Amino acid sequence: MAIDLKAVEQLATDQSSLKAAAGLAKLAKWSGVGASQDGALIWGECAGSGANPYRVMADLRDLGNKCTCPSRKFPCKHVLGLLWLNAEAVVPFVPADTPAWVSDWLGRRRGTSAAKPASSAPSTGEKDLRAARAGELEVAEDPKDVARREAQAAKRSEDTERAILDALDALEQWIGDQLRMGLAGFIDDATARCRRIAARLVDGKAAVLAGRIDELPSRLLALAAGDRPRGAVVELGKLVLLARAFRATPRDAEIRRAVAASETREVVLADPQALRVDARWEVLAEQVQTRRDGLVSQTTWLLNLAATGPRFAMLLDFFPASAGRRGSVFTPGERFQADLIFYPSQQPLRALLVRRDASGETPALEWPAPDTALSDALTRPLLAEPWAIETPLLLPQGRIARDDAGQTWWRSDDGKATLPVASEVDGLLCGTELTRAAAIWSGNRLTILAAQSPWGRIGSHE
């Protein structure tokens, strides 16, 4: 079953989609490309602007298609890019077992009418394959234009740094005011006060730090009332440390990422010094949170099952809440071989998915043992990054139980460590002997992501 570029051109809704598809029809953009045994179904994962790739699939019999991206165009540029890959055989579409996410989509669309064939697909404006290709050609630039742009960029960078430093001065003054006026008043009025200083930080181009302060009241309210004064002191202290670290090294990529902005995906991928780890990973859990700034954060936690490399990886995406709920490309518990590239950091954690192998047989692997003693795992990250809000860690053998007051605790099997759990734990996690547990440590509470027991894996909601 074959498709040609003329069909791709007809299927595109406009010239811009066709041009974008031409840019995506490259080997480096795709992973996990495959086809059904009869060649009727094709699929692949396309790198996007976020940490997670988009899952793209198409049925060549009627050109029905699906993509997990939030585009309102149908078909989107990723679908057109996948069809373009197939039409020009840019990558081999090796026959393979149909992935579960393709089977799910196929099952849902069987009860509906088939998609419109290419000849009747909606079309607006003139579309031209040659023009789409021409957009990909490199154009020689005038050296004077390049030098002028570089000078303008350097000036913008200097202005931005000055604005951030001014905003951090205002932040430290604000923190001093809160302490002077009393923590009780700060805790009672934290939402309004944090919103005001967050707005000041946004004006000062410290948007990431503003988002962190905007979420500070919710972190305080999650604590027991008696723990909130201590929690407020810790949170404000971490902000002071971060502000002073920025003043000391304003060009440090890791600190700048915590204050102003993260590097783009393209910058991280082009960094020859960035750590790359090709290993087998397990999806521990996914956390989706709607933030006060109107964005939704989607965090996927991965556990490295290999003996070397960072033990955890965090794939982080943001998208507008107005775009609605976005489907996940991962399933908790699934394992796959993948190549990840980590953002530069003393303790690599945030990563991008570069390549993911097509689904296949996954050998049974036990979770690795904790790399360090629990006391070191709790404190060592704070020495390198004292302003961090949370740290993932592997817990040794233990159990989770609830005391008479209703507080949930994790306790090691040898009885030497007992840690409070952030939220109420029900189901299999509570009371079961856990040979390993993966959790996030906030400095005073654990959030359990998943665990292993003598009877198998237990997710956080099981």
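Computed from a predicted structure; not experimentally measured.

## Focus: the sheet that holds strand β13 (residues 418-420)
Sheet architecture is open: 3 strands sit in the order β11-β12-β13, paired in antiparallel fashion. The open sheet has two free edges, formed respectively by β11 (398-402) and β13, since each of these has just one partner strand. Neighbouring strand axes in the sheet, compared pairwise and without regard to direction, differ in orientation by 25° on average. When strand β12 (residues 408-412) meets β13, the two strands line up antiparallel, connected through 3 bridges. When the sheet's bridge partners are listed, W410 is paired in β13 with L419.

## Regarding the sheet that holds strand β9 (residues 351-356)
With antiparallel pairing, the 5 strands of this open sheet are ordered in space as β7-β6-β5-β8-β9. Unpaired on one side and paired on the other, β7 (312-320) and β9 mark the two borders of the sheet. Going from strand to strand, the sheet's axes swing by 45° on average, the running direction of each strand aside. Bridging between strand β5 (residues 276-290) and strand β6 (residues 295-304) involves 9 bridges; their strand directions are antiparallel. Note on β6: the bridge partner recorded for W281 is N304.

## Things to note about the environment of L393
Inspection of the secondary structure assignment puts L393 in strand β10 (residues 391-395). The buried category is assigned to L393, whose relative accessible area is 3%. Taking the C-alpha atoms as reference points, L393 and F312, 81 residues apart in sequence, are found 8.1 Å from one another. Leave out the neighbours within four places in its chain, and L393 touches F312, L374, A377, L378, A437, A438, A439, I440, W441 and L446.

## Some points on the packing of aromatic side chains
Taken as a whole, this structure holds 3 aromatic pairs when the rule is applied. Judged by centre distance (5.9 Å) and plane angle (75°), the ring pair of W174 and F186 falls under edge-to-face. Of this pair, W174 sits in helix α6 (residues 143-181) while F186 sits in helix α7 (residues 183-188), placing them 12 residues apart in sequence. A relative accessible area of 0% means that F186 is categorised as buried. Where W281 meets F342, the ring centres are 6.5 Å apart and the plane angle is 45°; that geometry is what we call tilted.

## Considerations on unusual backbone geometry
P75 follows F74 through a cis peptide bond whose omega is 0°. Assignment of secondary structure puts P75 in the loop between β4 (64-67) and α3 (77-88). The phi torsion at K205 lies on the positive side, around 65°, for a residue other than glycine. For K205, a relative accessible area of 44% corresponds to the partly exposed category.

## Structural notes on the confidence of the model for the protein
Interpreting fine coordinate detail is not advised for predicted regions of low pLDDT. With 91% of its residues at a pLDDT of at least 70, the protein reaches an overall mean of 85. For residues 117-122, every residue scores under 50 in pLDDT, and the model assigns this stretch 10 contacts once sequence neighbours within four places are set aside.

## A few points about the nonpolar core
Inside soluble globular proteins, nonpolar side chains tend to come together where they are buried. Formed by 34 residues in total, the largest nonpolar core has its most connected members in V8, W30, I42, L83, W84 and F93. When residues of this core are traced back to their parent elements, those giving at least two are α1 (5-11), α2 (15-24), β1 (30-35), β2 (41-46), β3 (54-59), α3 and α5 (129-134). The biggest single contributor to this core is α3, with 6 residues. Contact partners of V8, with chain neighbours within four places excluded, come to I3, L18, L80, L83 and W84.

## Examining the side chain of N86
For N86, the position within the fold is in helix α3. In this structure N86 comes out as buried when scored by relative accessible area, which is 17%. Apart from the residues lying within four places of it in its own chain, the contact partners of N86 are I3, I42, L60 and F93.

## Focus on the packing of α2 against α3
At their nearest, the axes of α2 and α3 sit 8 Å apart, and the two run at 55° to each other. By the angle between their axes, α2 is oblique relative to α3. Where α2 crosses over α3, the handedness of that crossing is right-handed. Each of S17, L18, A20, A21, A22 and L24 in α2 lies in contact with α3, whose residues at this interface are K77, H78, L80, G81 and W84. Grouping the amino acids of the contact of α2 with α3 by side-chain chemistry returns 7 nonpolar, 3 polar and 1 charged.

Rules used throughout
Residues numbered from 1 in each chain as written. Predicted model: local features only at pLDDT ≥ 70, side-chain atom pairs only at ≥ 80, totals over all residues. Heavy atoms only, no water. Pairing = 2+ DSSP bridges. Helix = DSSP H or I, 4+ residues; strand = E, 2+ residues; numbered from the N terminus. Axes fitted to C-alpha atoms, helices over the stretch in contact; angles between N-to-C directions. Buried < 20%, exposed > 50% of the residue type's maximum accessible area, 1.4 Å probe, protein only. Contact = heavy atoms within 4.5 Å. Phe/Tyr/Trp six-rings, centres within 6.5 Å; stacked < 30°, edge-to-face > 60°. pLDDT = per-residue confidence, 0-100. Core = buried A, V, L, I, M, F, W, Y, C linked by side-chain atoms within 4.5 Å. Parallel < 35°, antiparallel > 145°, perpendicular 65-115°, else oblique. Left-handed = near helix turned anticlockwise from the far one by under 90°. Nonpolar A, V, L, I, M, F, W, Y, C, P; charged D, E, K, R; others polar.

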